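Results of the structural survey
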Amino acid sequence: MVAASSPTIIMALDLGTTSTRVALYDAAGEAVTIVAREHRQYFPHPGWVEHDAHEIWSNIRELTALALARAQLTAADIATIGITNQRETVVAWDATTSRPIHRAIVWQDSRTDGVIADLVQAGHNATVQQTTGLNLSAYFSASKMAWILEHTREAADLAARGDLRFGTIDTWIIWNLTGGRVHATDITNASRTSLMNITTGQWDYELGAVFGIDPDVLEVALPAIHPSVYNYGTVAPGLAIAGVPITGVLGDQQAASFGQTIFAAGEAKNTYGTGCFLLYNTGSKPVFSTSGLLTTVAYQLPDAAPVYALEGSVAQAGSVVQWLRDQLGIIRTSAEIESLANSVDDHGGVYFVPAFSGLFAPWWRADASGTIIGLTSYATAGHIARAALDATAYQTLDVISAVETDTGHKLQQLNVDGGMTVNEQLMQFQADILDVEVHRSADVETTARGAAYAAGLGVGIWASTDELRDLWRSGGTWSPDIDPNKRRRLIAGWHRAIEHAIGWSGDQSS
Ligand SMILES: Nc1ncnc2c1ncn2[C@@H]1O[C@H](COP(=O)(O)OP(=O)(O)O)[C@@H](O)[C@H]1O
Ligand SMILES: O=P(O)(O)OC[C@H](O)CO
């Protein structure tokens, strides 16, 4: 344990897709304060999604000051900072001015689908998957970096001068927090770029050539890779948190897994936020999927080998609830979906495949299209709402079936977290469809919590992951309660709906 006089409050910076949160935790793992702000989503063309990286940095500057003010604390009370972030999203900037040269290209952005389809056609998928653990997809960072290099003159000029810097959002924020002194990322974030060798944990610069990026450019432009628990540097003067060390960094899904204390092989968590991301811990060896899952690093402790996971990434989950609210207008708030969905007994034969940007795991079909099927004149807005929620449970089933195929193990229980898990009807349906118990953590904000745990380990507030396990609290358990024949019928209907969604958007399968 740290000396009694040392600060013991941990600050977590959660840099999500739609918002940025700053949370403070004490050594008992209790959240002291949490402040949040949304940032603007830019959709300049169909399928394109961008963020203003400078806006995210400004939000961090302001929210860190606000969190301290709310808690009536100063930087001297903060022991350490943990960072967690939306993954894959690419920022490119000028090292000499710290100015982004393009808006950040977000993980959901599918502008490089065509390039990826060509690479698949040319037979690159097997090599990339065996090296990086990731199939070829516009989702990951590499093709986004290539796009910036190809489409902005400034990127090419900076690259020629050795002043181009690439990073995921963690790297961009570490760079700014340290006054441009540290250009670094953690191994979990690096494992999402399609440029890291998943077995060695090092960049494979030669892979750049597959995506059309000069490996010499990458050697200068990519950040250093460190373990998730590591001393990344201290915050520069002039900021509310000046002088505080940054000792934990994890991609947001890995952070949620860490916050759920998924430390051992065979344990799994599913986070239901904008998208839905299942991580199944596979221990010290990477498992290469034959069923449409990704191989990813779950975390790496200091002086230890990486711990791996199989990941099932589902692009659309809570975002579908937002779509019903913002685009269809059949609910006014996300929470209203509960009363609308509960106004009907079941889905009334309606299935909703939310393939708004194609289908991610385990299907990986860029040519799938959003589909509502099974409509009759009996169907109401309630049935559509119900089908939209059910879709998240079915998509989770599909990724868990893939995990069971890849590992040969039946999942024993599923730990869940994220904003959608407040929906108890959905949790019951999830348990019914999976036929396993669903355990919700008391804190559904496990992403920020996981970053705090990693940072706290880094400064000795907690001595081991066993101590962190003791902090896990239950927020509800749901057991399967459905006739097995009905389960089978429902699942068969979902898979027929998937077949109809696939292929609608033309021949771009990846
Ligand atoms: N009662 C509810 N039922 C279903 N979905 C909900 C409910 N309340 C919020 N959501 C959805 O949960 C998501 C927010 O979860 P959160 O974990 O904060 O996401 P993220 O971290 O990806 O921004 C939103 O997409 C929202 O529409
Ligand atoms: O910001 P979230 O919670 O939607 O998570 C985004 C994921 O990291 C994308 O891979």
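Reading the values: the criteria
- Residues numbered from 1 in each chain as written.
- Chains lettered and ligands numbered in written order.
- Predicted model: local features only at pLDDT ≥ 70, side-chain atom pairs only at ≥ 80, totals over all residues.
- Heavy atoms only, no water.
- Pairing = 2+ DSSP bridges.
- Helix = DSSP H or I, 4+ residues; strand = E, 2+ residues; numbered from the N terminus.
- Axes fitted to C-alpha atoms, helices over the stretch in contact; angles between N-to-C directions.
- Contact = heavy atoms within 4.5 Å.
- Parallel < 35°, antiparallel > 145°, perpendicular 65-115°, else oblique.
- Left-handed = near helix turned anticlockwise from the far one by under 90°.
- Nonpolar A, V, L, I, M, F, W, Y, C, P; charged D, E, K, R; others polar.
- Near = heavy atom within 4 Å.
- Polar contact = N/O pair within 3.5 Å; in protein donor to acceptor, adjacent residues only side chain to side chain.
- Areas by Shrake-Rupley, 256 points an atom, 1.4 Å probe, with all protein chains shown as cover.
- Buried < 20%, exposed > 50% of the residue type's maximum accessible area, 1.4 Å probe, protein only.
- UniProt positions renumbered as here; feature names shortened; annotations may be inferred.
- Core = buried A, V, L, I, M, F, W, Y, C linked by side-chain atoms within 4.5 Å.
- Right-handed = clockwise from strand over helix to strand, strands pointing away.
- Salt bridge = Lys/Arg side-chain N within 4 Å of Asp/Glu carboxyl O.
- pLDDT = per-residue confidence, 0-100.
- Phe/Tyr/Trp six-rings, centres within 6.5 Å; stacked < 30°, edge-to-face > 60°.

**Looking at the sheet that holds strand E14 (residues 229-234)**
Taken in spatial order, the six strands make up an open sheet running E3-E2-E1-E5-E15-E14, and their pairing is mixed. Edge positions in the sheet fall to strand E3 (31-38) and E14, since each has one partner strand and no second. Across the sheet, the mean angle separating the axes of adjacent strands is 25 degrees when strand polarity is ignored. Contacts from helix H1 (residues 53-71) reach strand E1 (9-15), strand E2 (19-25), E3 and strand E5 (78-85), with the element oriented near 150 degrees to E3.

**Thoughts on the packing of helix H11 (residues 318-328) against helix H13 (residues 381-407)**
The description of two helices packed together rests on the angle between their axes and the distance between the axes. Running from amino to carboxyl end, H11 crosses H13 at an angle of 160 degrees, the nearest separation of the two axes being 9 Å. As the angle between them shows, H11 and H13 are arranged roughly antiparallel. Note on packing geometry: the crossing formed by H11 with H13 is right-handed. The segment H11 lies against H13, with Val320, Val321 and Leu324 engaging Ile384, Ala385, Ala388 and Leu389. Across the contact of H11 with H13, the residue classes tally to seven nonpolar, no polar and no charged.

**Looking at the site of ligand 1**
Residues in close proximity to ligand 1 total 18 residues, the closest being Thr274, Gln322, Ser334, Glu338 and Gly419. Residue glycine 318 places a main-chain N or O atom 3.0 Å away from an oxygen atom belonging to ligand 1. In this structure, glutamate 338 approaches ligand 1 through a side-chain N or O atom, which is 2.8 Å from a nitrogen atom. For ligand 1, the accessible surface in isolation is 590 Å², of which the surrounding protein chains cover 80%. For the shell around ligand 1, the elements supplying multiple residues, two or more each, are H11 and helix H12 (337-341). Among the residues making up the shell around ligand 1, the classes are represented as six nonpolar, 10 polar and two charged.

**Remarks on unusual backbone geometry**
Going from alanine 361 to proline 362, the amide bond is cis rather than trans, its omega being -5 degrees. Position of proline 362 relative to the elements: it lies in the loop between strand E20 (351-353) and strand E21 (371-373). Phi angles above zero are rare outside glycine, and serine 194 is one such case at about 75 degrees. Position of serine 194 among the secondary structure elements: in the loop between helix H7 (187-190) and strand E11 (196-197). A residue is classified by how much of its surface remains accessible, and serine 194, at 3% relative accessible area, is buried.

**A short note on the site of ligand 2**
Within the structure, ligand 2 sits among Gly16, Thr17, Gln86, Arg87, Glu88, Trp107, Tyr139, Asp252, Gln253, Thr274 and Phe277. One nitrogen or oxygen atom from the side chain of threonine 17 is found 2.5 Å from an oxygen atom belonging to ligand 2. A distance of 2.7 Å separates an oxygen atom of ligand 2 from a polar atom in the side chain of glutamate 88. Contact with the protein chains covers 91% of the free accessible surface of ligand 2, which is 310 Å². Across the shell around ligand 2, the residue classes tally to three nonpolar, five polar and three charged.

**Describing the UniProt feature "domain: Carbohydrate kinase FGGY N-terminal" (unreviewed entry) in the protein chain**
According to UniProt, the feature "domain: Carbohydrate kinase FGGY N-terminal" (unreviewed entry) maps to residues 9-259 in the numbering used here. Taken as a whole, residues 9-259 contains 35% helix and 27% strand, while its terminal C-alpha atoms sit 16 Å from one another.

**Side note on the nonpolar core**
Formed by 68 residues in total, the largest nonpolar core has its most connected members in Tyr139, Val353, Tyr394 and Leu414. Ignoring any residue separated from it by four or fewer positions in sequence, one finds tyrosine 139 in contact with Arg87, Glu88, Trp107, Lys144, Arg192, Phe277, Leu294, Glu311, Ser313, Phe360 and Trp364. The next biggest cluster of nonpolar side chains, apart from the first, holds 38 residues, and it includes Ala53, Ile169, Trp172 and Val244.

**So, the pairing of strand E22 (residues 413-417)**
Most of E22 sits out of view: four of its five residues are buried. Pairing of strand E16 (residues 268-272) with E22, which is carried by three bridges, proceeds in the parallel orientation. Counterpart to lysine 269 in the pairing with E22 is asparagine 415. Here E22 runs beside strand E23 (residues 437-441); their pairing, made up of four bridges, is parallel. The partner of glutamine 413 across the bridge, within E23, is glutamate 437. Regarding topology, helix H14 (residues 424-434) serves as the crossover connection from E22 to the parallel E23, and that connection is right-handed.

**Some remarks on the pattern of salt bridges**
This model, assessed by the stated rule, comprises 21 salt bridges. Here arginine 332 makes a salt bridge to glutamate 336, at a shortest N to O gap of 3.0 Å. On the accessibility criterion, glutamate 336 (23% relative accessible area) is partly exposed. With a shortest N-O distance of 3.3 Å, arginine 440 and glutamate 424 are connected by a salt bridge.

**Some remarks on the environment of alanine 23**
Note that alanine 23 resides in strand E2. Sequence spacing of alanine 23 and threonine 64 is 41 residues, and the spatial spacing of their C-alpha atoms is 8.7 Å. The residues contacting alanine 23, other than those within four sequence positions of it, are Ile10, Met11, Ala12, Thr33, Ile34 and Ala448.

**Quick notes on the confidence of the model for the protein chain**
In the predicted model, the protein chain carries a mean pLDDT of 94, and 98% of its residues have values of at least 70. As a predicted assembly, this complex carries a pTM of 0.93 together with an ipTM value of 0.97.

**So, the packing of aromatic side chains**
Tallied over the full model, the rule gives 21 aromatic pairs. Here the aromatic rings of phenylalanine 263 and tyrosine 299 are separated by 5.8 Å at their centres, their planes lie at 85 degrees, and the arrangement is edge-to-face. Of this pair, phenylalanine 263 sits in the loop between helix H10 (252-259) and E16 while tyrosine 299 sits in strand E18 (residues 294-299), and the two are 36 residues apart along the sequence. Across the pair, tyrosine 299 and phenylalanine 263 agree in class, each one buried. Judged by centre distance (5.5 Å) and plane angle (90 degrees), the rings of tyrosine 394 and phenylalanine 429 are edge-to-face.

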